[in-house]
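The lines below spell out each chain.
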Amino acid sequence: SQQGEEDPQALSIQEGENATMNCSYKTSINNLQWYRQNSGRGLVHLILIRSNEREKHSGRLRVTLDTSKKSSSLLITASRAADTASYFCAPTGSGGYQKVTFGIGTKLQVIP
Amino acid sequence: DTAVSQTPKYLVTQMGNDKSIKCEQNLGHDTMYWYKQDSKKFLKIMFSYNNKELIINETVPNRFSPKSPDKAHLNLHINSLELGDSAVYFCASSPDRFYGYTFGSGTRLTVV
């Protein structure tokens, strides 16, 4: 199975600052997804980047992917208190019905 | 309209009981999943169904049995509940694993 490992495990920043979270994985992927989980809620899909893409944007989110280093990063610009949540990456393998397994995530706290 | 809905949201029950959690999606997705999130926030996949066919069956006790009457529903039945089954259970769906997942809001199961 393929599991992402997020780093750091916890991050605390002031509102307005940028937040960067990293994800590393071990084997080749078809795509890598990022999710957000607010406390007590389900995961929300944020963005998907395919293995042939290097960078993708969605609003204040910017995701990069370096398949040679087997790593990805999620940048949230101009953070807001509402961005406070846990963020998970989910690398998805290429063949067969592989399992998408989540790590323990990065817990982001944005202080107003 | 809720895309992936789970019922109940909370479930408190005694050890040894049998309980079911229901999940329904109205997105027309072919694949549905059950995940378990423990107290450390680690999300583990349990089962995956594609068009009513079981495609992923993780190493979970056989007290857990998924049932998919049609591709819009994936229910989870748990027999002889144990204290260690206490967790939040999430249902999710996707068109297939190369697209993002849509998660339900979770069922918090507490076994006393």
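In this report, the structure presented in the accompanying data block is examined.

Thresholds, definitions, all that
Residues numbered from 1 in each chain as written. Chains lettered and ligands numbered in written order. Predicted model: local features only at pLDDT ≥ 70, side-chain atom pairs only at ≥ 80, totals over all residues. Heavy atoms only, no water. Core = buried A, V, L, I, M, F, W, Y, C linked by side-chain atoms within 4.5 Å. Buried < 20%, exposed > 50% of the residue type's maximum accessible area, 1.4 Å probe, protein only. Contact = heavy atoms within 4.5 Å. Buried area = accessible area lost by both parts, 1.4 Å probe. Salt bridge = Lys/Arg side-chain N within 4 Å of Asp/Glu carboxyl O. Polar contact = N/O pair within 3.5 Å; in protein donor to acceptor, adjacent residues only side chain to side chain. Helix = DSSP H or I, 4+ residues; strand = E, 2+ residues; numbered from the N terminus. Nonpolar A, V, L, I, M, F, W, Y, C, P; charged D, E, K, R; others polar. Pairing = 2+ DSSP bridges. Axes fitted to C-alpha atoms, helices over the stretch in contact; angles between N-to-C directions.

## Concerning the nonpolar core
Residues Met21(A), Leu32(A), Trp34(A), Leu74(A), Ile76(A), Tyr87(A) and Leu108(A) are the most contacted members of the largest nonpolar core, which totals 21 residues. The contacts of Leu74(A), once residues within four sequence positions are left out, are Ala19(A), Thr20(A), Met21(A), Trp34(A), Leu46(A), Leu61(A), Arg62(A), Val63(A) and Tyr87(A). Of all hydrophobic cores here, the second largest spans 19 residues; its members include Val4(B), Cys23(B), Met32(B) and Ala87(B).

## A word on the interface of chain B and chain A
Each partner contributes residues to the interface: chain B has 20 residues there, and chain A has 27 residues. The contact between chain B and chain A buries some 1,900 Å² in all, and 56% of this surface belongs to carbon and sulfur atoms. Applying the counting criterion to the chain B and chain A interface returns zero salt bridges. At the junction of chain B with chain A, the criterion picks out two residue pairs in polar contact (both at pLDDT 80 or more). Looking at the side of chain B that touches chain A, the elements with two or more residues in it are β4 (31-37), β5 (43-50) and β6 (53-57) of chain B. When grouped by side-chain class, the residues that make up the side of chain B that touches chain A number 11 nonpolar, five polar and four charged.

## Digging into the sheet that holds strand β8 (residues 61-66) of chain A
Residues and elements named next belong to chain A. Strand order in the open sheet formed by five strands is β2-β4-β9-β8-β7, with antiparallel pairing between adjacent strands. Unpaired on one side and paired on the other, β2 (5-7) and β7 (55-58) mark the two borders of the sheet. Direction aside, neighbouring strands of the sheet carry axes that sit 20° apart on average. Bridge count for strand β4 (residues 19-24) against strand β9 (residues 71-76) is six bridges, and the pairing is antiparallel. Looking across to β9, one finds that Met21 is bridged to Leu74.

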